[in-house]
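An overview of the molecular structure
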Amino acid sequence: MLDELLRRVSNHTPHSLETDGRFPEAAVLVPITRSDEPELILTLRASGLSTHGGEVAFPGGRRDPEDPDLIFTALREAEEEIGLPPGLVEVIGPLSPLISLHGIRVTPYVGVIPDYVEYLANDAEIAAVFSVPLDFFRQDPREHTHRIDYQGRSWYVPSYRFGEYKIWGLTAIMIVELINLLYDDANISLHQPPKSFINI
């Protein structure tokens with residue numbers, strides 16, 4: 001099953017994002033475990049960080065001037081944040097870039113990793129490393145929906161609760177793109193309000 005999922009990612013053409021080059025660049029790794037029931041690896045960012053402190057995110061960060069490309073950035077940051085050796089990651093391809101609230105252009109890269117990795121969280125940046133089955137998101141078990149007006153249209157972004165973790169914002173948008181790509185029956189819309197949405 002996983003190989004079919006990965007074929008879909010490698011054949012995927014991400015949405016383009018026209019920017020004028022003013023935005024600093026960042027990249028995140030979207031790690032999927034190679035197992036019968038694939039899981040996504042996520043982090044809880046340390047609460048004291050200046051941006052996105054206390055939020056769930058994929059490992060990643062800003063591109064350094066000496067980084068040759070954004071894949072390098074994603075792998076370097078994943079190693080710095082959670083101790084994931086770049087040699088264990090099979091990079092499959094990108095998802096669509098997004099602009100964060102802080103004006104950073106973030107490109108996600110899907111990568112496959114072994115399911116036996118021992119993570120070593122960088123305490124200065126990461127409070128926890130945890131995994132969520134892909135199938136959890138396939139059911140779209142959202143706790144609620146955030147409406148975000150951006151680039152002239154409304155986005156209805158799910159907020160998921162997995163144990164003690166709240167998964168929302170850019171991370172949730174990336175997950176929805178991935179799940180819609182991987183599963184034909186997912187059909188999670190970011191531009192139509194769900195039936196349960198209440199417009200206040």
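All of these numbers come straight from a predicted model, not from anything done at the bench. (Residues numbered from 1 in each chain as written. Predicted model: local features only at pLDDT ≥ 70, side-chain atom pairs only at ≥ 80, totals over all residues. Heavy atoms only, no water.)

Turning next to the sheet that holds strand 9 (residues 144–150). Pairing between the strands of a sheet comes from backbone hydrogen bonds, and it takes one of two forms, parallel or antiparallel. In space, the three strands of this open sheet follow the order 9-10-11, with antiparallel pairing throughout. Strands with a single pairing partner mark the edges of an open sheet, and in this sheet they are strand 9 and strand 11 (165–167). The sheet shows a mean angle of 25° between the axes of neighbouring strands, taken without regard to direction. Across three bridges, the pairing between strand 10 (residues 153–162) and strand 11 is antiparallel. The residue bridging Tyr160 from the neighbouring strand is Ile167, located in strand 11. (Pairing = 2+ DSSP bridges. Helix = DSSP H or I, 4+ residues; strand = E, 2+ residues; numbered from the N terminus. Axes fitted to C-alpha atoms, helices over the stretch in contact; angles between N-to-C directions.)

Tracing the chain through its elements places Ser96 in the loop between strand 5 (90–94) and strand 6 (98–99). Owing to a relative accessible area of 6%, Ser96 belongs among the buried residues under this scheme. Polar side-chain contacts of Ser96 include one of 2.8 Å to the side chain of Glu177. Beyond its immediate stretch of four places on either side in the chain, Ser96 contacts Pro14, His15, Val106, Pro108 and Glu177. (Buried < 20%, exposed > 50% of the residue type's maximum accessible area, 1.4 Å probe, protein only. Polar contact = N/O pair within 3.5 Å; in protein donor to acceptor, adjacent residues only side chain to side chain. Contact = heavy atoms within 4.5 Å.)

Within this structure, the stated rule accounts for 15 salt bridges. Put simply, Arg147 and Asp149 hold a salt bridge, and the shortest N to O gap is 3.2 Å. For Asp149, a relative accessible area of 53% puts it in the exposed group. (Salt bridge = Lys/Arg side-chain N within 4 Å of Asp/Glu carboxyl O.)

The end-to-end C-alpha separation of helix 2 (residues 70–82) is 18 Å, in line with the 18 Å expected for 13 residues at 1.5 Å each. Close packing links the buried residues of helix 2 with strand 1 (25–34), strand 2 (39–45), strand 4 (60–62), strand 5, strand 7 (105–114) and strand 8 (126–133). Taken from the residues just after helix 2, Gly83 is the one with a positive phi, measuring 70°. (Expected span 1.5 Å × (residues − 1).)

Our focus in this paragraph is unusual backbone geometry. At Asp140, a position not held by glycine, the phi torsion is positive, near 50°. Positionally, Asp140 belongs in the loop between helix 3 (134–138) and strand 9. Among the residues examined, Asp140 registers a relative accessible area of 23% and is labelled partly exposed.

A few words now on the nonpolar core. Leu40, Phe58, Leu134, Phe137, Ile167, Leu178 and Ile179 are the most contacted members of the largest nonpolar core, which totals 43 residues. The dominant element in this core, judged by the number of residues it contributes, is helix 4 (residues 169–182), at nine residues. The contact partners of Leu178, leaving out residues within four places of it in the chain, are Val9, Val30, Ile32, Leu40, Leu95, Val110 and Leu134. With 13 residues, the next largest nonpolar core counts Leu70, Ala74, Val89 and Tyr109 among its residues. (Core = buried A, V, L, I, M, F, W, Y, C linked by side-chain atoms within 4.5 Å.)

Okay, helix 4 next. Residues spaced three or four apart along an α-helix face the same direction, because each turn holds 3.6 residues. If you check helix 4, its first and last C-alpha atoms are 20 Å apart, about what 14 residues at 1.5 Å a residue would give, namely 20 Å. Of all the 14 residues making up helix 4, 12 are buried; the element is thus mostly covered by neighbouring parts of the structure. Those residues of helix 4 lying buried are Gly169, Thr171, Ala172, Ile173, Met174, Ile175, Val176, Glu177, Leu178, Ile179, Leu181 and Leu182.

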